[in-house]
Amino acid sequence: MSMEFLVASGIGLMSAVGIYLILRRYTFSVIIGMVFLSYAVNLFLFAMGRLKINEPPIISGASSYTDPLPQALVLTAIVISFAMTALIVVLALRGFLETGSDRVELEPAGSRKAEDMSAK
Amino acid sequence: MQISLIVLIPLLGALLPLLTIRSGRNVCTFVTASVSAVSLALLMAHAPAVYRGEVVRAGFEWAPQIGLSFSFFLDGLGLFFAAMILGIGLLVIVYARFYLKRQDPMGRFFAYLLMFQGAMLGVVLSENILLLVIFWELTSLTSFLLIGYWSHLPEGRQGARMALVVTAGGGLLLMGGMLLLGQAAGSFELGEILQRGDVIQASPLYVPILLLVLACAFTKSAQFPFHFWLPHAMAAPTPVSAYLHSATMVKAGVFLLARLWPALAGGDLWFLIVTPVGLATMVIAAWIALFKDDLKAILAYSTVSHLGLMTMLLGFATPLAAVACAFHILNHATFKAALFMSAGIVDHEAGTRNIKRLGGLAYLMPVSATLALIASASMAGAPLFNGFLSKEMMLESAALTNYFDNTWIVPAAAALAAALSVAYSVRFAYGVYLAPAPAQFPHPPHDPPFGMWAPVALLCVLVVAIGIAPGLIAGPIVARTSQAIIGSAELPQYTLALWHGVTPALLLSLAAFAIGALLLAIFGPLERLRERFFRPEAKAIFDCGVLASVRAARTITDALHTGSLSRYLAIISIVIVALGFVGGLSGGHAAGLRPTLPVNLVAVVLWALLIAACVAVVFAHHNRLLTLILTSIVGLVTSLAFLQFSAPDLALTQISVEVVTTIFLLLALNLLPKQTPLEPGMARHLRDGSIALGAGLGAAWLAYAVMTRDFSSISDYHLAQSKPGGGGTNVVNVILVDIRGFDTFGEIIVLCIAALAIFALLDNALQGAAARRLAAMRQSVESADAHPLVLVVATRALLPLAITVGFYIFLRGHNQPGGGFIAGLIVASAMMMQYMASGYAWTVARARFDAHALLGAGVLIAGLTGLGSLAFGRPFLTSSFGYFHIPLIGEIELATAMLFDAGVFLAVVGTVLLSLSQLSRVEGRAERNPAPEGPSDIRLPRARSAAATSGESK
């Protein structure tokens, strides 16, 4: 076992849980699935700079530093994931309040016919 | 550059009529006409150069990678067409001023007209063939708008749609043809292409190029079997018909054939296709025209017939025929535009366009009748009018043509078409102007205002002048234009004159007059005979085709678009996983050689916690509250992982985002169902589970493979520049606010957009169905105290502390872990706790600032900081910094990047506050009504008793 293994397996597991949850039929599961995917993706991007211990990218006269660039990218990604999560939560909430259902699929019948009528 | 202005002036000038219509119809017309006139003057300034034999060019590269350039050129052919477009355009603008009724929106009409004019000029002046395609499609689009101008009429809408389908479909073919042509010729510039006819015709791509280009030209110029759209486009206002459907747009197909003549014409295939199509169109359309009763329908089919004539002439591919074609384009534009305008006058003044309800107008409106009679004599091809001359030249060319060793069929068919042309012209002129007047008209007809017949008169002067003295007036134009069509070939010997002696053409012409007279004599029986035969109705066939393709599209859409998000996501995930594995397995997959890090106990424990939380979520995700708690455990482990692997900034960000996200989800969960229903279907769970496992395995494998390999990074530059260039030791922060500041600027804008979208989604949630559902919602479990005193006191005490921490984190951000993002999140969550602890109403009443203003200020400060560097002649977002000594505090460093970071800070605070407060406002509605006003304040007991008494009094 190595740190790399721990991180890689964590990324894999979080992605798997995320994918499983976004394939559910109810909004809340899908939202949590997106949160899990965000964790996994952010950690994955961060890991592209390789793992280093006690080498923070703060100039202090040390001989080597970890890669700062993925960190900068991931930092904004974390904040943006918050905004995205908030947006889909609100979408789901508004959808639920309007329709009384928090399923993520259309009812099979009905909607298409209404569309046909409006096209004519 | 000047000649590209000829195109751009009408395109940009299209805005002016919309603005000036407020000052009245005359001002609007004047401005529109001035736009065209300026463009025309610019064009005429270049005419002398073109007549000296020069080719004027202008333009610049646009997207050289794909061969697209913004280049124009002006030669004889372009000048001829451009002058026609602008000249007739001016007349049509004047005419339309009087034609359009008071209730018609004239500004819009002139805007469309100028847009069309610009597009059409672009077609005829483009040097780059891809640019030509763009303008070509623009003419289709703008003509759609013009045909459908009277959008309240169903015919207008249907006609516009049909024209768009046919001509824009042709445009797509043209794009294909032009791409191949550019490939075959090795250049997308017409100047080059026209020199390389031999190369193109020897290329294996020649046949597809020819077929695509011809199909496109035939659709635009309404050649058989695509002729059906033009008569339906007559639903347009008459100025549009006169402009688009006689003089300009329908000639674009003919223009295309003429333009590409040196490159494509000459082969047998060209002759074999173009000649019979033109010939058939000429005869069939003339035949139909003879039996139409609507004046505009007669003129429409006549136009189709004349376009067939031009196409046929170009099909002959002889220089003489090219001369005849150029001459006929000129003549047709003059007399046909005059006739369309005359038909519009009749419609306008007599209230009908039906030939059977008209008659005797020669006595009621003598001026316009005289003009119309002159123009129809020219359409019939009578001597002394210009139509006669070009028809003679056409017959002469036809007489010299043998098709498959057959010497008579082309001349005979051409003569028949000429005869039909005589017949329908006479029927038109007689039926409307000379026949006995009917008992009553819908309106009592009289001559229209001067402005309406003056354009017709001007065109008729040209008709007669060219008819009498062709060499003098049209000679140089025809010569220069035909020379441009045939390219480097030598111009043949010909004379434009009224009398050529007794030639085969004259005999054919005489025969045509005789047959035409005969046809009219037996018109009654002929019409009854025609009625008895089945005639395919083009519109019905077209509608059937459209309906069938709509049905097919709907079937496919229904099959693919089931409205199930899970299904789409499953398909997307499967594809990604499959592609990933195909890619991964096809490469080398030896183990990486990078030394790995040893594990420690804490890491293993946290890892086990993560695994446990993930597994628990899968099995417990029906319990939403538990899921939320498990999710935040995972988030916590993630932030600890960042901390472990030398990313303190990320750890801080992750943990503060975690706080905010959890609060947000909790608030939302309050209004959503607390349980997710169990989903039935084991197979589905297995399917989703295997997709998820595949994806997880792939992600883990990829991450592991990357982490165990060495790499080289561009980060050394960032590390080296951070202190000397950016003035900070925290490299991550320097990257965010300085080196990649533009990215960050974009990101805070994204944040603001998300916040505003959330605001918009929730702002009106308190109305309609959503509000009723909210009002009906009662919290099932109500705690005894909605705002526990301990929480209220603690959060209020924490607020100044949290804000101080936030500012500390912000200030040290440039050199130590921290910065605008993290500080913003900390301050925002401290504020947010007030909403949670004390309620929405209490907090809003005490908030001194508006979250919208914070968002705006954030973006503005960040943007202005960036712009500030422009003032010093440095690029956007260049930062500068300096060290200052402040008494008592000591040496401090101030950087403009810090100002930028302040913008980030404000935007983050604004985003979080706006979304969370908006959510809790909606929340307030779902709680007891009226919302409690700060239960833990000193006024609380009174408020509660007041609420109680008001409840009792009801």
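Calculation notes
Residues numbered from 1 in each chain as written. Chains lettered and ligands numbered in written order. Predicted model: local features only at pLDDT ≥ 70, side-chain atom pairs only at ≥ 80, totals over all residues. Helix = DSSP H or I, 4+ residues; strand = E, 2+ residues; numbered from the N terminus. Buried ≥ 20, exposed ≤ 12 C-beta atoms within 10 Å, placed from the backbone. Contact = placed C-beta atoms within 7 Å. Nonpolar A, V, L, I, M, F, W, Y, C, P; charged D, E, K, R; others polar. Core = buried A, V, L, I, M, F, W, Y, C linked by C-beta atoms within 7 Å. pLDDT = per-residue confidence, 0-100. Axes fitted to C-alpha atoms, helices over the stretch in contact; angles between N-to-C directions. Parallel < 35°, antiparallel > 145°, perpendicular 65-115°, else oblique. Left-handed = near helix turned anticlockwise from the far one by under 90°. Pairing = 2+ DSSP bridges.

Draft legend 1. Broad picture of the overall build of chain B. When helices and strands are tallied, chain B shows 42 helices and 4 strands. Per-residue burial for chain B yields a buried fraction of 49% across its 954 residues. Expressed as a percentage of contacts within chain B between residues at least 6 apart in sequence, the contacts between residues at least 24 apart total 78%.

Draft legend 2. Structural view of the overall build of chain A. Broken down by element type, chain A carries 4 helices and 0 strands. The secondary structure elements of chain A, listed N-terminal to C-terminal, are α-α-α-α. Relative to its full complement of 120 residues, chain A shows a buried share of 60%. Sequence-distant contacts, at least 24 apart, represent 55% of the contacts inside chain A between residues at least 6 apart.

Draft legend 3. View of the interface of chain B and chain A. In this complex, chain B contributes 97 residues to the contact, which on the side of chain A involves 81 residues. The element contributing the most residues to the side of chain B that touches chain A is helix H32 (residues 682-707) of chain B, with 14 residues. Of the residues assigned to the side of chain B that touches chain A, the class counts are 59 nonpolar, 29 polar and 9 charged.

Draft legend 4. Main features of unusual backbone geometry. Residues and elements named next belong to chain B. For the peptide bond that leads from Phe224 to Pro225, omega is 5 degrees, which places it in the cis range. At Ala317, a position not held by glycine, the phi torsion is positive, near 60 degrees. One can find Ala317 in the loop between helix H16 (295-316) and helix H17 (319-350). Despite not being glycine, Leu384 has its phi angle at roughly 80 degrees, a positive value. By the element assignment, Leu384 lies in the loop between helix H19 (366-380) and helix H20 (386-399). Looking at Leu384, the number of C-beta atoms within 10 Å reads 14, which means it is partly exposed.

Draft legend 5. Highlighting the nonpolar core. Residues B:Val213, B:Leu314 and B:Ala338 are the most contacted members of the largest nonpolar core, which totals 207 residues. Residues within four places of B:Val213 in sequence aside, it is in contact with B:Leu174, B:Gly177, B:Leu256, B:Leu260 and B:Leu264. Formed by 139 residues, the second largest nonpolar core is a distinct cluster that contains A:Val30, B:Phe664, B:Leu854 and B:Leu914.

Draft legend 6. Representation of the confidence of the model for chain A. All names here are of chain A. Mean pLDDT over chain A works out to 85, with 88% of the residues at or above the 70 mark. Of all helices and strands in chain A, the one with the weakest mean pLDDT is helix H4 (residues 111-119) (44), whereas helix H1 (residues 3-22) scores best (95). Counting contacts from residues 109-120, a segment whose pLDDT is below 50, to residues more than four positions away or on other chains yields 2 contacts.

Draft legend 7. Layout of the packing of helix H5 (residues 106-125) of chain B against helix H6 (residues 129-147) of chain B. All names here are of chain B. Contact geometry for H5 and H6: axes closest at 8 Å, N-to-C directions at 155 degrees. Overall, the two elements H5 and H6 adopt an arrangement that is roughly antiparallel. With respect to the hand of their crossing, H5 and H6 are arranged in left-handed fashion. In this structure, H5 contributes Tyr112, Leu113, Met115, Phe116, Ala119, Met120, Gly122 and Val123 to the contact, and H6 contributes Leu132, Phe135, Trp136, Leu138, Thr139, Thr142, Ser143, Leu145 and Leu146. Broken down by class, the residue content of the contact of H5 with H6 amounts to 13 nonpolar, 4 polar and no charged.

Draft legend 8. Summary view of the pairing of strand S2 (residues 68-74) of chain B. Residue and element names in this part refer to chain B. Where strand S1 (residues 56-63) lies against S2, 7 bridges are found, and the strand directions are antiparallel. The residue of S2 that forms the bridge with Glu61 is Ser69. Between S1 and S2, which pair antiparallel in sequence order, lie 4 residues; one of them, Gly67, sits at a positive phi of approximately 80 degrees.

Draft legend 9. Highlighting the environment of B:Gly182. All names here are of chain B. Within the secondary structure, Gly182 sits in helix H7 (residues 154-185). Residues Gly182 and Asn128, spaced 54 residues apart in sequence, show a C-alpha to C-alpha distance of 9.6 Å. Residues in contact with Gly182, not counting those within four places in the same chain, are Gly67, Ile129, Ser187 and Phe188.

Draft legend 10. Region of interest: the environment of B:Gly387. All names here are of chain B. In this fold, Gly387 is placed in helix H20. With 56 residues separating them along the chain, Gly387 and Asn331 place their C-alpha atoms 6.0 Å apart. Apart from residues no more than four positions distant in its own chain, Gly387 is found in contact with Asn331, Phe335, Ser378, Met379, Ala380 and Gly381.

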